[in-house]
Every structure is written in C-alpha cells, then in structure tokens.
Amino acid sequence: MRIDVVSLFPEFVAQMAGFGVVGRAVERGLVDIHGWNPRDHAEGTYRRVDDRPFGGGPGMVMLIDPLRDALHAARAADPRPVRTIYLSPQGVPLTQARAAALAAEERLLLLCGRYEGIDERLVAAEVDEELSIGDYVLSGGELAAAVVIDAVARLRPGVLNDGESALQDSFGDGLLDCPHYTRPPRHALGDVPEVLMSGHHGDIAAWRRLQSLARTQVRRPDLLAAASLTDDEHRALADPGDFPSPIPGA
Ligand code: ADE
C-alpha cells in the first residue's frame, strides 16, 4: 500500500513513519509513505500558501493552487487509482470499520490543512472523503493523518506479527478490549485473576468476553447498543455480581 500525505510539515509524516508498527510496516515494504509540501508548489518570493478569508473573520485560509498542484503531483507519482481524504473536524468520524475499509485500498492520499482551513472549492473538486478523528480541534491535520496511517497500516496483511491481535483489539468485534495481565501473578498492586492462570481456554475466553462486555457497558454504552449479545450475556450484564471486576469508574 502507498500513502501520500500533502502537508506543510512533511517531516512530521516522515518521522512518524519511522517508529513502531508503522515503522516496521515501512521497513518490510508493506506500506510506502511519501510527503508532499504545498509550499514547493507555491509562487513568488514568499511562496504563499494562505490568504485572508472572504467575508472577514480571524485566521487564514489555504489557497487552492499550491494544494491542487501538490495533490496532482502526488497522484501522478503512481499509476494506481487513489482515494483522497481530507482530515478535518467537519469530517465523518473515523471508526475501526472505516479503517478496515481504507486498509483494503492500494493507495491513499491524505490532505492536511492548517490555519482556519482550506478553500472549499478545492475540497469540493479534489476530495473523495472528509474524515475527523474526534470532536476536538487540532492545529492541523498532521496528527489526524498519523492516526489514520497507524490505524490503517496495522490492518494490512503481514504488518502485525500475531495475525490474531488485530481482531482481538478493542473494536475488532465492536466492543472494548478486556484487561490484560503479565508476570508476576502476585504483586503489591493486586493479584492476576485466577481464571487466567487456570489453563482452561473456554473459561478464559468466557471471562474475557464478559470483561469486554462489562467495560463496554460502563464506558461506552453506545457501542454496546450496537453489539449482538446472547441472552446469557444480557442476563450477566444485568447482574453486576457476575463481574468481580477492577473496572475504574464502574
Ligand atoms: N484537523 C483539525 N482537527 C481535526 C480533527 N479533529 N480530526 C481530523 N482532522 C483535524
């Protein structure tokens, strides 16, 4: 998969592509990441990329032409069709399902804004999809692009070492993840739940599932409403006695 990023700070993108799971994906040649700076396509001594908004108001708006030329240069760098995504708080919220759909693409082109935003005509003409990573405002789209790259890259085949772990993550099944423990089994901060050391795979799976359900009920009831539960699971959730659980805030 190839991901191009149009940004006034392409070094940021290069940096994040060097670490952790994304870094490993790049090293293995599974994901290629390229940055494009609209300033390289701006004109004049000052290489202007923004101007004041029509209608007045604070802040600046990014000009059409430097962004358009950067997008076109990025598209032309590879013959495969590409999906163009503008990161903005006005976008549709990013979900695990959306990340999975994007991971099936062979190319993505991420457009990062700065200042008050981008001239809407550029968005209308060049963007396939507008994505938000949450209901808060960042100073630019770069952190959001990094989030999209991470969420997508880890779903590409061969990126995660344990093929299972993406499925077991929070949201892989529409629920929050269960708690995890490692050695030592006894510690001043508490003991590891006995069932996890029992060696009974069925009991362990059932415990994890109930923990996921309980956490989701407490922290994200909106997700639980969309999940499909068995009658037993509904009953267990209705009776908190079934959850001797260390859930903060529960
Ligand atoms: N740019 C600024 N804020 C953003 C957000 N919440 N999501 C995506 N892009 C953004």
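Reading the values: rules and limits
- Per chain, residues are indexed from 1 in the order of the written sequence.
- Local features in this predicted model are restricted to residues whose pLDDT is 70 or higher, and side-chain atom pairs enter the listing and the counts only when it is 80 or higher, whereas totals over whole chains, interfaces and linings include all residues.
- As a convention, hydrogens and water are excluded, and side-chain values are obtained from all of the structure's heavy atoms.
- For every element, the axis is a line fit to its C-alpha atoms; helices are fit only across the contacting stretch, and the angle between N-to-C directions ranges from 0 to 180 degrees.
- Helix numbers and strand numbers start at the N terminus; a helix is a DSSP run of H or I with at least 4 residues, a strand a run of E with at least 2.
- An angle counts as roughly parallel when it lies under 35 degrees, as roughly antiparallel when it exceeds 145, as roughly perpendicular when it falls between 65 and 115, and as oblique in every other case.
- We call two residues in contact whenever any of their non-hydrogen atoms come within 4.5 Å of each other.
- Classes in brief: Ala, Val, Leu, Ile, Met, Phe, Trp, Tyr, Cys and Pro nonpolar; Asp, Glu, Lys and Arg charged; the others, Gly included, polar.
- Nearness of a residue to a molecule or strand requires only that one of the residue's heavy atoms be within 4 Å of it.
- Side-chain atoms alone can form a polar contact between residues adjacent in sequence; in general such a contact is a pair of N or O atoms within 3.5 Å, and within protein one must be able to donate a hydrogen while the other accepts it.
- Here a patch means residues that are over 30% exposed by relative accessible area and free of salt bridges, tied together within 9 Å if like-charged and within 5 Å if nonpolar (Val, Leu, Ile, Met, Phe, Trp, Tyr).
- Surface accessibility follows the Shrake-Rupley procedure with a 1.4 Å probe radius. Residue values consider only the protein chains on display as shielding.
- A side-chain nitrogen of Lys or Arg and a carboxyl oxygen of Asp or Glu constitute a salt bridge if their distance falls within 4 Å.
- Each residue's exposure class comes from its accessible area (1.4 Å probe, protein chains only) as a fraction of the maximum for that residue type: buried when under 20%, exposed when over 50%, partly exposed otherwise.
- Throughout, the arc means the angular range of directions from the helix axis out to the C-beta atoms.
- At least two DSSP bridges between two strands are required for those strands to pair.

Viewed as axis vectors pointing N to C, helix α4 (residues 96-103) and helix α6 (residues 142-153) meet at an angle of 75°, and their least axial separation amounts to 8 Å. On the basis of their axis angle, the class for α4 and α6 is roughly perpendicular. Residue-level contacts link Ala 99, Leu 102 and Ala 103 of α4 to Val 148, Ala 151 and Val 152 of α6. By residue class, the composition of the contact of α4 with α6 is 6 nonpolar, no polar and no charged.

The next point concerns the site of the ligand. Close to the ligand lie Leu 87, Ser 88, Pro 89, Leu 131, Ser 132, Ile 133, Gly 134, Tyr 136, Val 137, Leu 138, Gly 140 and Ala 144, which account for all nearby residues. Ser 88 has a polar backbone atom sitting 3.1 Å from a nitrogen atom of the ligand. The separation between a nitrogen atom of the ligand and a polar main-chain atom of Leu 138 is 3.0 Å. For the shell around the ligand, the secondary structure elements donating two or more residues are β5 (83-93) and β8 (129-132). Ranked by the residues each element gives to the shell around the ligand, the list is headed by β5, at 3 residues. A class-by-class count of the residues in the shell around the ligand yields 8 nonpolar, 4 polar and no charged.

A cluster of nonpolar side chains, Phe 9, Phe 12, Tyr 136, Leu 138 and Leu 143, forms an exposed patch at the surface whose accessible area comes to about 440 Å². Mapped onto the fold, Tyr 136 is located in the loop between β8 and α6.

Of all the positions in helix α10 (residues 231-238), only Glu 233, Ala 236 and Leu 237 are classed as buried. Along the long axis of α10, the arc covered by the buried residues comes to 100°, so they all point the same way. Residues of α10 that are exposed and point over 90 degrees away from its buried face: Asp 231, Arg 235 and Ala 238. Buried residues along α10 sit in contact with α8 (201-219) and α9 (221-226).

What follows deals with the sheet that holds strand β3 (residues 50-51). The mixed open sheet is built from 3 strands, whose spatial order is β3-β4-β7. The open sheet has two free edges, formed respectively by β3 and β7 (117-118), since each of these has just one partner strand. Sheet topology note: the strand β4 (residues 61-62)/β7 ladder contains 2 bridges and is parallel. Within the sheet, the bridge partner assigned to Met 62 lies in β7 and is Ile 118.

Omega for the peptide link from Arg 183 to Pro 184 comes to 0°, which places this bond in the cis form. Within the secondary structure, Pro 184 is located in the loop between α7 (165-168) and β9 (186-187). Located in the positive-phi region is Arg 47, a residue other than glycine, with phi close to 45°. Inspection of the secondary structure puts Arg 47 in the loop between β2 (32-36) and β3. Exposure remark for Arg 47: the relative accessible area of 39% places this residue in the partly exposed category. The backbone phi angle of Tyr 115 is positive, close to 60°, even though this residue is not glycine. Classification of Tyr 115 as partly exposed rests on a relative accessible area of 39%.

The subject of this paragraph is helix α2 (residues 20-27). Of the residues making up α2, those classed as buried are Val 22, Gly 23 and Ala 25. Angular distribution of buried residues about the axis of α2 spans 160°; they occupy a single face of the element. Opposite the packed face of α2, turned more than 90 degrees from it, sit the exposed residues Gly 20 and Glu 27. Residues of α2 that are buried in the fold lie against α1 (10-16), β2 and α6.

Once that is clear, we can look at the sheet that holds β2. Strand order in the open sheet formed by 5 strands is β2-β1-β6-β5-β8, and the pairing between neighbours is parallel. Edge positions in the sheet fall to β2 and β8, since each of these pairs with one other strand and no more. Ignoring which end each strand starts from, the neighbouring axes of this sheet average 30° apart. Two elements, β5 and strand β6 (residues 107-112), share 5 bridges in a ladder whose sense is parallel. Considered in β6, the bridge of Thr 84 is made with Leu 109.

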